[in-house]
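# Examining the three-dimensional arrangement
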Amino acid sequence: MAKRTADEESAAGPLKAGGRPDAMDVDEKPHEMGDFEDEFEDEFESEDEIHEAGVDGRPDAEREAEEAMDVDPSAPETFIVGRTKLEPGQTLSPDTTTYRMLHNLSTPWPCLSFDIIRDGLGDNRSVYPATMYTVSGTQADSAKANDNSIMVMKFSGLSKMQGGDGEESSDDEDDDEDAEPILEHKSIPLSTTTNRIRAHYSPSQDPSRPPTTLTATMTESTNVFIHDITPHLASFDTPGTIITPQQNKPLSTIRAHKSEGYAVDWSPLHPAGKLLTGDNDGLIYVTTRTDGGGFVTDTRPFQGHTSSVEEIQWSPSEASVFASASSDGTIRVWDVRSKGRKPALSMQVSNVDVNVMSWSRQTTHLLASGDDAGVWAVWDLRQWKPSAAAGGNAAASALQRPSPIASFNFHKEQITSIEWHPTDDSIVAVSAGDNTVTLWDLAVELDDEESKDTAGVQDVPPQLLFVHYQNMAKEVHWHPQIPGTLVATGEDFSVFRTISV
């Protein structure tokens, strides 16, 4: 993002303000060779001395040391989005040359949790204008709770930025690039606020039937609703389709929780559907889809956290393992086969709430977390060892405190979402309460020469690739089928792809 200034600075003009240099005063009679005297003839004894002395006659090291000390205290501070406060009347506008695609789409009510739905349009697609499907839950005003709903949405007409690939666009593409994005939606009535929603793509066992898309919605009412939104998705591409009241009803309602919650995740290794849900009482329940299509919730909760469960993530490689993050500052790793329903590993990773977490799909021993203080970190699970304090009754102070393999304190507000790139285990997207979505490349290392270029922006880590402004930023997700494309939600939806990823 770039701050828009009132006046553009003009480039320095050509020599003599555009005029040609005055003609030299030359005698009519040409000089013989040797008539000219070189006034600099004896200043340096050799070219080697010139190279050593530098451009101004002094050694380079001496000149660079003096330049480092000669800092103008009145020079303007480097503007950092999310860190530098805007002056009254100032607004931010994106530098469109840094985006391949950028669109904002509004909904009737804020949707502070959403998920991207895998579709049948193909993987690794790069055709514009792009189309994608999402599902979200609304947060209507408390006085209008009955206006809440689950919104199944289709985004289409998502064109690329003009010249967004660094090349001139052809005339045939101009119409696409000028097209306005379209948001279509189908609403499923829900008389309560959505805390978090997650979708699950379930392949069909019958080739003649389409795959099933399920959603699980954690709500303020303490109930968790499971819906089949397959007919809603099909209706976008089948004109005249009418969604019946029966199709809007949940397939199942989980009533095991006695308090509301925010933690929910579908297992990627159970195609039929296996769901974890965690609540503010620190309890975690598992719900499994049966062969008949119904859902059964095990009433024996997993217990160990001493405060609310904020995030749950299934292991991407082990079907029985999951991790949970809590406002008690811990991350705990569990095995659903455990008869005692206690964690196998418990680690104190923060002194404040751990809000979000993401398990790398490519390098499955890496886990990223984000906390209430704005710190996000990466952990190597191979370094975590069981201890006597792993049980749920141990005091938090007695738990192990592992060392992260990377930790960043760039954001100064709580981390609200974090997600690994689906195919690159060095790229991470992070959103925070400072109204930003940041992209990071953990593979970047700063050498001594490059460190000289960071003067004035010492607080900006070299791993920071990009800062995207998103008012009320809450969740960000990578699209699994459109490389490098992200969707973020806050005051509205932002769909974008940067030139850096």
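Before reading on, note that the structure itself is shown above.
Everything in this summary refers to the structure shown in the same document. (Residues numbered from 1 in each chain as written. Predicted model: local features only at pLDDT ≥ 70, side-chain atom pairs only at ≥ 80, totals over all residues. Heavy atoms only, no water.)

## Concerning the nonpolar core
By size, the foremost hydrophobic cluster in this structure holds 17 residues, and its most contacted members are Trp376, Val378, Ile418, Val430 and Trp440. Excluding residues that lie within four positions of it along the chain, Val430 makes contacts with Trp376, His411, Ile415, Ser417, Ile418, Thr436, Val437, Thr438, Trp440 and Val476. (Core = buried A, V, L, I, M, F, W, Y, C linked by side-chain atoms within 4.5 Å. Buried < 20%, exposed > 50% of the residue type's maximum accessible area, 1.4 Å probe, protein only. Contact = heavy atoms within 4.5 Å.)

## Examining the sheet that holds strand β9 (residues 212-219)
Read from one edge to the other, the open sheet built from four strands follows the order β8-β9-β10-β11, with strand pairing classed as antiparallel. With one partner strand each, in any of the chains shown, β8 (194-202) and β11 (252-254) form the two edges of the open sheet. If you compare each strand with its neighbour and ignore which way they point, the axes differ by 20° on average. The pairing of β8 with β9 spans eight bridges and is classified as antiparallel. (Pairing = 2+ DSSP bridges. Helix = DSSP H or I, 4+ residues; strand = E, 2+ residues; numbered from the N terminus. Axes fitted to C-alpha atoms, helices over the stretch in contact; angles between N-to-C directions.)

## Comments concerning the pattern of salt bridges
For the structure on display, the rule yields 11 salt bridges. Lys154 is the partner of Asp237 in a salt bridge, and the nearest nitrogen-oxygen pair spans 2.8 Å. With a gap of 83 residues between them, Asp237 in the loop between α4 (230-235) and α5 (245-248) and Lys154 in strand β6 (residues 149-158) connect regions that are remote in the sequence. Note on Asp237: relative accessible area 48%, which makes it partly exposed. On the accessibility criterion, Lys154 (11% relative accessible area) is buried. Two residues, Asp298 and Arg300, come together in a salt bridge whose shortest N-O distance is 3.0 Å. Note on Arg300: relative accessible area 46%, which makes it partly exposed. Shared partners join several salt bridges into a network, and the residues in it are Arg196, Arg198, Glu311 and Glu475. (Salt bridge = Lys/Arg side-chain N within 4 Å of Asp/Glu carboxyl O.)

## Here's the deal with unusual backbone geometry
Cis geometry marks the peptide bond from Tyr128 to Pro129; its omega dihedral reads 0°. Here the phi dihedral of Thr222 falls at roughly 85°; this positive angle occurs in a residue that is not glycine. Secondary-structure assignment places Thr222 in the loop between β9 and β10 (224-228). By relative accessible area, Thr222 is classed as partly exposed at 21%.

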